[in-house]
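Notes for the structure review
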Amino acid sequence: MTTELRLLAASVILGLAHLIAASHLISFQRGYRWTASSREEPVPPLRSLANRVDQATTNFLESFPFFAAVVLAAHVAGRHSLLTLWGAHLYFWARIGYLLAAAAGYSLVRSVLFWNIADSGILLFLIALFF
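So, here is what we can say about the structure in this document. (Residues numbered from 1 in each chain as written. Predicted model: local features only at pLDDT ≥ 70, side-chain atom pairs only at ≥ 80, totals over all residues. Heavy atoms only, no water.)

1. Here's the deal with unusual backbone geometry
The backbone of R39 shows a phi angle near 60°, a positive value even though the residue is not glycine. Mapped onto the fold, R39 is located in the loop between α2 (32–36) and α3 (48–77). On the basis of relative accessibility, which here comes to 46%, the residue R39 falls in the partly exposed class. Phi angles above zero are rare outside glycine, and S48 is one such case at about 45°. Along the chain, S48 falls in helix α3. Residue S48 is classed as partly exposed on the basis of its relative accessible area of 47%. (Helix = DSSP H or I, 4+ residues; strand = E, 2+ residues; numbered from the N terminus. Buried < 20%, exposed > 50% of the residue type's maximum accessible area, 1.4 Å probe, protein only.)

2. What to know about the environment of W34
Checked against the element boundaries, W34 lands in helix α2. Here W34 falls in the buried class, since its relative accessible area comes to 18%. Leaving out residues up to four positions away in the same chain, W34 has contacts with I26, R39 and V43. (Contact = heavy atoms within 4.5 Å.)

3. Topic: the nonpolar core
In summary, soluble globular proteins display a tendency toward joint burial of nonpolar side chains. Ranked by internal contacts, the top residues of the largest apolar core, which has 27 residues, are L8, F64, F67, V71, Y91 and F125. It is α3 that provides the largest number of residues to this core, a total of 9 residues. Contact partners of F125, with chain neighbours within four places excluded, come to E4, F67, V70, V71, A74, T84, G87 and A88. (Core = buried A, V, L, I, M, F, W, Y, C linked by side-chain atoms within 4.5 Å.)

4. Here's the deal with the packing of aromatic side chains
Tallied over the entire structure, the rule returns 5 aromatic pairs. For the ring pair F67 and Y91, a centre distance of 4.0 Å and an interplane angle of 10° mean the geometry is stacked. One end of the pair, F67, is in helix α3; the other, Y91, is in helix α4 (residues 82–104), and 24 residues separate them in sequence. An angle of 85° between the planes, with centres 6.1 Å apart, marks the rings of F67 and F125 as edge-to-face. (Phe/Tyr/Trp six-rings, centres within 6.5 Å; stacked < 30°, edge-to-face > 60°.)

5. Thoughts on a nonpolar patch on the surface
Judged by side-chain polarity, L83, L123, L126, I127, F130 and F131 come together as a nonpolar surface patch covering roughly 620 Å² of accessible area. A per-element tally of the nonpolar patch places helix α5 (residues 107–130) first, with 4 residues. For L126, the position within the fold is in helix α5. The class of L126 is partly exposed, set by a relative accessible area of 33%. (Patch = residues over 30% accessible without salt bridge, like charges linked within 9 Å, V, L, I, M, F, W, Y side chains within 5 Å. Areas by Shrake-Rupley, 256 points an atom, 1.4 Å probe, with all protein chains shown as cover. Salt bridge = Lys/Arg side-chain N within 4 Å of Asp/Glu carboxyl O.)

Have a look at this one:
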């Protein structure tokens, strides 16, 4: 298995960690009875840590399909290079940084630094695929 595929698998694990953390933080705030309900009644917006981790999870879920697509496309096309290796590392480690910065409340660092680094990782794959 290539390093890129390993980092794709690690990103799946990271995505599951996002979902589990967000789910429990939301349940701590709203109660497990609400979690088990039909969720049809209006609720106040999430606050603090639960809100930040939930937003980070949403952001992860928005970018992950693109990362998975370029990793798999590179694998099928047999395009493995320093660009794909760096792209996979940049995406994975920046997504961890994004989650930690979001949880800590460092919104500017989260968005400007980690979001852009993760997207740069995807861009490196696209460059490797097309050039």
